[in-house]
Amino acid sequence: MSGAVGAICTAAFACAPLPPSTSPWVQSRAVCTAQPFGTSPSFFPLSKSKCKARRHQPLQLKAQDEVPVDMPGPNPIPVKRIPLLPIPIEAGGVLFPECKSNILVIGDTVDTVRSIEAEQLPLVGYCNIGTDGKVMPIGTIALLEEVKWGIADEPSESSEDSVDDDSSNALCKCVGVQRFNIVEIERTEPYPIAKVQLFNDLDDVSGMPDLESKTLKAIEEVLSLSAKLIKEGKVEEAAAVREAFERIQRFAPGGPGTFQEVMGPLGPIGWKLGERERLELSSFALADITETTELDRYHILEATSTMQRFQRVMDSTAPTKAELAAKVSLKSIDGE
């Protein structure tokens, strides 16, 4: 389980039991924290004041739906029960571990959020609904940091958190914790409950730091080229590129995310991430800011190979890098 958020997750499972059973690559998800690269000025991660939230329609779940997935591993994986927050993939996007997502919820699913918040459950199983209307079996446990009710569709420049009177929508600010596989949806009311199995990557980490270094360098080159294309006075775009640099360095060797700290009964408790966990989270951090479809992001989420994830990011970065380099060359020739 990842980092300090993982410690919170463990504590929450122990302290907040659920009611008895009787359900190539950015994040309803307001697209704020991980805007993809692209071919226009919009390839920069945008500030929250400029983001427009995607919306989704309610989902019809059936209790006792089984969504089996074979999870390889030497030992049986313990089953946990968690509340689900199912969002259509084309609306909500895919959430990676230790990455952030702002999810605008409307329609009947608002009642699900209201019930989860009323019971003060800090963790939800964020999962997606495919275009066929079925639950996609792999999701991410999310720490529900904050719920804002009645967020306006188009926040004004002067008031980002403008509210409607009817509170008919909710903006859920989430942080990914750890991936899970849905075993069975047990119930749907007042919110979906599912049995899930948590899982991590399985491959050997030997030789992987070299691939991580090459992938990180490729992303840094793309960001550097992006910075050169920012027009003078575009403060938000410049800030977004700086933020992207910080995000990809978080789980790099010696990065700020590699040492975790939580408050224990006798004071702060700190520890250093193991190399396997650090590499896995680093691969997700790099994948999170690269351009891809939501379906490709889902395939990245369900993969159990850190090396394949690094390689996929590396391969997807190449055409973006070439295109941005050409734009920088043209800008230089034009004397801009």
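Use the structure listed above.
Described below are features of the structure shown in this document. If you're wondering where the values come from, they're calculated on a predicted model, not measured in any experiment.

Turning to the overall build of the protein, a few remarks are in order. In terms of helices and strands, the protein carries 8 helices and 8 strands. Classification of the 336 residues of the protein by burial places 51% in the buried group. Surface summary for the protein: the accessible area is close to 15600 Å², and the carbon and sulfur share equals 54%.

A few words on the packing of helix 4 (residues 208–228) against helix 6 (residues 275–288). Direction vectors running N to C along helix 4 and helix 6 enclose 25°, while the axes themselves pass 11 Å from each other. The orientation of helix 4 with respect to helix 6, classified from their angle, is roughly parallel. The handedness of the crossing between helix 4 and helix 6 is left-handed. Touching Met208, Pro209, Glu212, Thr215, Leu216 and Ile219 of helix 4 are Glu275, Arg278, Leu279, Ser282 and Leu286, all from helix 6.

Take unusual backbone geometry next. Cis rather than trans, the peptide bond between Glu189 and Pro190 has omega equal to 0°. The topology assignment puts Pro190 in the loop between strand 5 (170–187) and strand 6 (193–198). Unlike most non-glycine residues, Glu98 shows phi in positive territory, near 60°. On the secondary structure map, Glu98 appears in the loop between helix 2 (89–92) and strand 2 (100–105). Positive phi values are uncommon outside glycine, yet Gln120 reaches one of about 55°. Mapped onto the elements of the fold, Gln120 is located in the loop between helix 3 (109–118) and strand 3 (123–129). Under the relative-accessibility criterion, Gln120 is labelled exposed at 68%.

Rules behind the numbers
Residues numbered from 1 in each chain as written. Predicted model: local features only at pLDDT ≥ 70, side-chain atom pairs only at ≥ 80, totals over all residues. Heavy atoms only, no water. Helix = DSSP H or I, 4+ residues; strand = E, 2+ residues; numbered from the N terminus. Buried < 20%, exposed > 50% of the residue type's maximum accessible area, 1.4 Å probe, protein only. Areas by Shrake-Rupley, 256 points an atom, 1.4 Å probe, with all protein chains shown as cover. Axes fitted to C-alpha atoms, helices over the stretch in contact; angles between N-to-C directions. Parallel < 35°, antiparallel > 145°, perpendicular 65-115°, else oblique. Left-handed = near helix turned anticlockwise from the far one by under 90°. Contact = heavy atoms within 4.5 Å.

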